[in-house]
Structures are given as structure tokens and as C-alpha cells.
Amino acid sequence: MQKHNIKLNKDHAFRGLTALLSLILLLLSIGILFKLIISSNLSFNAFGFKFLLSKDWDPVQKLFGALPFMWGTFFSATLALIFALPISIGIAIFLSELAPIWMRQPVSFIIELLAAIPSVVYGLWGLFVLVPVMQHWVEPVLAKYLGFLPLFKGYPLGVGMLTGGIIIAIMIIPTISSISREILAAVPENQKEAALAIGMTRWETIWKVMLPYGRSGIVGAILLGYGRALGETMAVTMVIGNTPSLSLSLFAPAYTIASVIANEFTEATYKLYISSLIELSLILFVITFTLNALARFLLWRMKRFEEVKV
Amino acid sequence: MKRALKLALVIAIVLSFTTAYAAEILNGAGATFPYPLYSKWFYNYEKQTGVKINYQSIGSGGGIQQIEAGTVDFGASDAPLPKEELDKHGLFQFPTVAGSEAIAYNLPGIPTGLKLTPEVIADMYLGKITKWNDQRIKELNPNLNLPDMPVIVVHRSDGSGTTNIFTWFLGDVSSEWKTKVGSGTSVKWPVGIGGKGNEGVAGLVKQTAGAVGYVELAYVIETKMTHALVRNRDGHYLYPSIETTVAAASNANVPPDFYVKFTYSKGKNSYPIAGFTYYIVRKNMDRNKLSTFIKFVEWAYKHGNADAKALDYVPMPDSLKHKALTALKKL
């Protein structure tokens, strides 16, 4: 009896400990949020909500505005998602359904390894390998055949929105494809067998049964990838051209929130400047937090449906 | 019990060492541009004297913040602080070494030696000269076959002392630059693309035909970039080098707060795009630490020149070293 009690006590202690550890992380996030709000107060008092709408970023005149950076962040991340989505879903389908069994583990391992490469390495590779390719081959061809579109106007510099989008796409493919693969693998066998039994082809099984079944989970994976794309820093800084602009052209240099913080924080020499950079961080924090929360919610909802259905 | 005693003994010994050597350790933080040289100096100095100097190259902004807060013994900044800022926080600054910047370009078939005037450089960065075969560049280089190519202006995207010096120079030669853009470690560039760090600017210039950018001398020499002859104030065309930078620094006007600016300075042999990097200390610094620090600065001024030259930094003129040391000793 006593022995049993000790065991129970240990259980309680363990539960308390793990709860405490989770609480620390929660408090840390809240602490970061508060610190960001407090430290950006100076900038908020100076510019108010105009900060979100102003195009100016002039450290000499002490004028700061977030609009070109928000534009660059959303544009580059969305572009990256457009590139990464079909490739990632393709990889996920191939690895969960079509690839020979012996191939699945090693290939998914290698793809997940891509996520472990430091982002500055992607950046330097981008600058020294991808940029010349874009400059001499890809962008001139696009300009020649599609130059009438506003998307492909301007001088092909090699650096800019398009190259930035491609780099980010390469970096988020592992995230989206590996989660999507897990989700497709979790589709119950009886669902697939039923589809095949009523005479569906493999293609139809994948498109009409498996993807709809995992839909909210895959959307969650996409949002997680998008969150990473929004916050990507070093790799993007190396290839995006670092020029605040609101251009629609994919050839034009642009700027993202994460990049401007990485570039200017170390040499920001007066308080309003630092505060404005921190307000940018706050904007990014809120955006990525919202997106991640949405992604988690979708993943959770999918799991719940699964439990109800089975 | 025995173990506890042993532990206490060890802690006591360790503590006694740290207090004995407290004055023999200095902590600094700041600028990244002079970091390769500083770390070499600190390493050699520790080997010779046993005095340890820790330095975190977190950027000038961080260095200034930390010395203002008093969390380090000395800060380092690429751009000098204005007098009001120094007085407000009770700080003292003085220069350590100089650096100069080359105007690097990438024009197929045209080697090092394109002649450029400060006005032409300013107008390229203002977006007013947009083609390499512009009449004004042609006139300076009648023997070169300049291509019909757009001028692609490259600048630093990260805040940097290099940008501060370059924008000082542009402000000196162009009143339009001075009023429209101004100078600082980051500015609102009218045109062009930004590269992160010297390596970013150098990478963009090397890969983009028609590009022009300002890059630190050391980087240009190490990576063999083609760079321009720049006309100085007296009308002579010069390359950046240790000699032409020392010449410019010798002609600098030095105020008591050491806010020294010698871009576009007078003198036949003065290269126009150069500046100093600085140490900053608190005037009320601990006296023991101050004397340790002064000894190090004396050593660095005396024995650090070879290290500086080997890394393509420019040692200060002797007269200025003397002035700085005298002022430092008066604290």
C-alpha cells in the first residue's frame, strides 16, 4: 500500500515537473511579446499606425515605415509557396504511395536533411550559383517572352524577388513535403482499399480519396511552411537585393522584415531607430504567431475528425 | 564533509586568482570592421604580457550601447560619436586605425584604372548617370571603349562604418546628396541594390556586368577586383593604398573630441574615401583598468603597425597617436 503511494507521489512530481517546463516556455513567449511591445513603444508613439502604411525608411531623417518590408515579406513568401507547393505535394504522394518500399526511408531522410542546412549556406550558394544562372539564363528568357507582363518588367539583375522566392521555396519544401507525407501515410488502409474495390484507378484514389481525406492536415503543413518562409532571414538577405520597394516586378530588388532587422540592428545607433526595428519584429511575431496557431488548429481539427470517423 | 571542504578550498583558490587578475582582464565590444586586426592585437598582447582582452564583435551600435550602460570596459565604433552624445554619457573616444574604400566595378574588357571623379560617383549613386557610356565618363576616359550598359549601383545593406565613410564622401562632393540623402551607417539609397557585408557587395559586383560598388581596400586586394582611380580634391587621380590613406589622415583636422573626418581632404597624395575606427571608454573608468588599457593602447600604437599593414588596415600618423595617448592619459 505504502509502496503504491510512493509510486503515485512520483507520478505527481513528474507531472508537476513537466507542467513547469511547459509553463516556462509559455512564459518565455509571453515575455518576448511583452518586451517587444514595450520596446517598440517609442516608435509607436512617434509614428502610430502610420508606421504600417508609410513607405519611408530613412535612418538619416529619422523617418520609419514598415510597408515596403511587409510587402516584400508577403510577396516573397507567397511566391515561394507557389513554387514549393506542387513540388512538395508531388514528393509527398510519391514517397507515401508510388515509390518502391526500399526507396521511401532513404529518400525522405535526405529531403529532411535539407532542412538542417544552415540558412546562410543557402544564401551564399544562392549568391554565387543561383544568381548568375538567373541573371544570364532564366531572367533574360522570361523578359523576352513574357516581358509584356508587369511581373517581368525591368532589368534582369539576378538578385531580386524571383531569386528570393526560389531560395525560400527550396528551404520550405522539406517542411511541407515531410508533414504531408506523414499525413498521407496516416490515411486508413480501408479507405484506400474501398476506393480501389469500387474500381478507382490509383490516380483517382490519390486525388479523390487520399488528398481530400488529409486536406486540413496538408493545409496545416502549408501554413507551417509559409510561417517559415515569412521568417526566413539570411538566405533571403543574400539574394533579394535589400531595397525597400513596392514593385510588382519579380526582377526588382525587394526587402523583407527579417532581412532589414538582420541588416540594420547591429549598427542602429539611436533609440528611435532601434525601437522601429523592434516594432518590425513585433509585426513579424504577430503574423507568424497567428499563422502557426492557424496551422496547429487545422492539424488538431483533422486529428479530431479522424478519431470520430474511425 | 571532506568533499565539501575540498570543494570550498578549490573555490577559494579560484576566487583568489580571479581577484588577483581582475585588473588584468579587459572586456570590449563593438565594431566588426576592425575585428580581424583587434583579435590579432589582443592575441599577441596576451602572449607577451599575460593581459587578457575579450572582444565581442557585435557591431558599432551594440558597442556604443554597452559602453553607455557600463557593461564593458571599452566600446568600439566605426563612426565617431558627436560631442553631445559623448558628454551626455561621460564618454571619451579616440581613433585606432584607418581604413579606405575602393570603387570596384565590373565592366567586361576594362581592367583596373577607370578614372572617376567624385562628382561622377555621386551622380551614379543619385541615379543621374545611368549608362557607362555617359558623356561625362567618356570625357574622363577618352582611350577606353566604354560599353552601352546600364550602371548598376551596389551598396551595403547592413548598417556599417564603411557606408558612413562613403556617404560622408558623397556629401562632401555633392550638395544634392547632402540635402537629399545625408550620411550615416544606413541611409535611404536613391537607387541600386544592397549586398550584405563586404562579401555581399563584392559578390554582386563581380557577378553583375555593369555594376559599381564601394568595398573595403583589404577585400578588393584579396579578391583582386577591378577598381577605379578616383580624383582627389587637388585634382590627382589615385588608387586607395596604405600610403595614400596615411597621406589623407595626416591632413585631417583633429578636434579635442577626436571627431575626425578626413574624406575628400586636401593634399596632393590624399585618397578621398577613408576614415578611422574608434575606441570608446568611460571617463570615470576604474583607475586600475584604465592604466591597463593605456598600456595596451601604447603597445598597439607602437608594435601593432605591422599587423595592421599585413591585414590592409592603415596605421595612424604618429602625431595623431601622440595626441590620442596624451588625451587618454589625462582622464
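As the structure is a prediction and not an experimental result, all values here were calculated from the model.

Quick look at the overall build of chain B now. For chain B, the helix and strand inventory stands at 14 helices and 12 strands. Considered along the principal axes of its C-alpha atoms, chain B spans approximately 85 × 40 × 35 Å. Looking at chain B as a whole, 49% of its 331 residues qualify as buried. Sequence separation of at least 24 residues holds for 72% of the intrachain contacts in chain B that already meet a minimum separation of 6.

Put simply, an interface is often sized by how much accessible area is lost when its parts join up. Residue and element names in this part refer to chain B. Once the domains are mapped, chain B shows domain 1 (23-100 + 276-329) and domain 2 (101-251 + 262-274). A straight line from the C-alpha centre of domain 1 to that of domain 2 covers 28 Å. Taken together, the contact between domain 1 and domain 2 spans 16 residues of the former and 20 residues of the latter. Taken together, the elements giving at least two residues each to the side of domain 1 that touches domain 2 come down to α3 (60-69) and β4 (91-105). It is β4 that provides the largest number of residues to the side of domain 1 that touches domain 2, a total of 3 residues.

All names here are of chain A. Considered domain by domain, chain A is made up of domain 1 (1-39) and domain 2 (48-309). With centres defined by C-alpha atoms, the gap from domain 1 to domain 2 works out at 34 Å. Facing the 4 residues of domain 1 at the interface are 5 residues of domain 2.

Attention now moves to the interface of chain B and chain A. Every contact between the two is made by 28 residues of chain B and, on the other side, 25 residues of chain A. Residue assignment for the side of chain B that touches chain A shows that the elements contributing at least two residues are α3, β7 (193-195) and α9 (197-207) of chain B. Residues belonging to the side of chain B that touches chain A are distributed by class as follows: 8 nonpolar, 17 polar and 3 charged.

In this model, chain A carries an average pLDDT of 91, and 97% of its residues clear a pLDDT of 70 or more. For chain A, per-element mean pLDDT is lowest for helix α13 (residues 271-309) of chain A, which scores 85, and highest for helix α4 (residues 67-98) of chain A, which scores 96.

So, about unusual backbone geometry. At Asn 242 of chain A, a residue that is not glycine, the phi angle is positive and equals roughly 50°. Along the chain, Asn 242 of chain A turns up in the loop between α11 (234-239) and α12 (257-264). Owing to 30 C-beta atoms within 10 Å, Asn 242 of chain A belongs among the buried residues under this scheme. Located in the positive-phi region is Tyr 264 of chain B, a residue other than glycine, with phi close to 50°. Here Tyr 264 of chain B shows up in the loop between α11 (242-250) and β11 (274-282).

Before going further, it helps to examine α4 of chain A. Helix length check: α4 of chain A (32 residues) gives 45 Å between terminal C-alpha atoms against 46 Å at 1.5 Å per residue, within 8%. Bending of α4 of chain A peaks at approximately 35° at the position of Ala 84 of chain A, with proline Pro 86 of chain A no more than four residues after it.

Residue and element names in this part refer to chain A. Between helix α6 (residues 119-146) and helix α7 (residues 161-185), whose axes approach to 10 Å, the crossing angle comes to 135°. Between α6 and α7, the interaxial angle falls into the category oblique. Judged by the sense of rotation from one axis to the other, the crossing of α6 with α7 is right-handed. On α7, the residues touching Ser 119, Tyr 122, Gly 126, Leu 130, Val 131 and Met 134 of α6 are Leu 162, Thr 163, Ile 166, Ile 167, Ile 170 and Met 171. Counted by class, the contact of α6 with α7 contains 9 nonpolar, 3 polar and no charged residues.

Attention now goes to the pairing of strand β2 (residues 52-56) of chain B. With burial as the criterion, only one face of β2 of chain B is covered, namely that bearing Ile 53 and Tyr 55 of chain B; the residues Lys 52, Asn 54 and Gln 56 of chain B on the opposite face remain uncovered. Note on the crossover from strand β1 (residues 25-30) of chain B through helix α2 (residues 35-49) of chain B to β2 of chain B: the handedness is right-handed.

Take the sheet that holds strand β9 (residues 229-231) of chain B next. Residue and element names in this part refer to chain B. Across the sheet, which stays open at both edges, the 3 strands sit in the order β5-β9-β10 with mixed pairing between neighbours. Strands with a single pairing partner mark the edges of an open sheet, and in this sheet they are β5 (115-116) and β10 (237-238). Of the pairings in the sheet, the one linking β9 to β10 comprises 2 bridges and is antiparallel in character. Following the sheet pairing, Arg 231 is matched in β10 by Tyr 237.

In this structure, Ile 167 of chain A together with Ile 103, Val 205 and Ile 280 of chain B are the most contacted members of the largest nonpolar core, which totals 158 residues. Looking at this core element by element, the count peaks at 14 residues for α7 of chain A.

Residues and elements named next belong to chain A. Assignment of secondary structure puts Ile 32 in helix α1 (residues 2-39). Exposure remark for Ile 32: the 13 C-beta atoms within 10 Å place this residue in the partly exposed category. On a C-alpha basis, the gap between Ile 32 and Leu 282 in space is 9.4 Å, while along the polypeptide they are 250 residues apart.

Criteria and thresholds
- Residues numbered from 1 in each chain as written.
- Chains lettered and ligands numbered in written order.
- Predicted model: local features only at pLDDT ≥ 70, side-chain atom pairs only at ≥ 80, totals over all residues.
- Helix = DSSP H or I, 4+ residues; strand = E, 2+ residues; numbered from the N terminus.
- Buried ≥ 20, exposed ≤ 12 C-beta atoms within 10 Å, placed from the backbone.
- Contact = placed C-beta atoms within 7 Å.
- Domains from an automatic or database assignment.
- Nonpolar A, V, L, I, M, F, W, Y, C, P; charged D, E, K, R; others polar.
- pLDDT = per-residue confidence, 0-100.
- Expected span 1.5 Å × (residues − 1).
- Bend = angle between axes of the 7 residues up to and from the residue.
- Axes fitted to C-alpha atoms, helices over the stretch in contact; angles between N-to-C directions.
- Parallel < 35°, antiparallel > 145°, perpendicular 65-115°, else oblique.
- Left-handed = near helix turned anticlockwise from the far one by under 90°.
- Right-handed = clockwise from strand over helix to strand, strands pointing away.
- Pairing = 2+ DSSP bridges.
- Core = buried A, V, L, I, M, F, W, Y, C linked by C-beta atoms within 7 Å.

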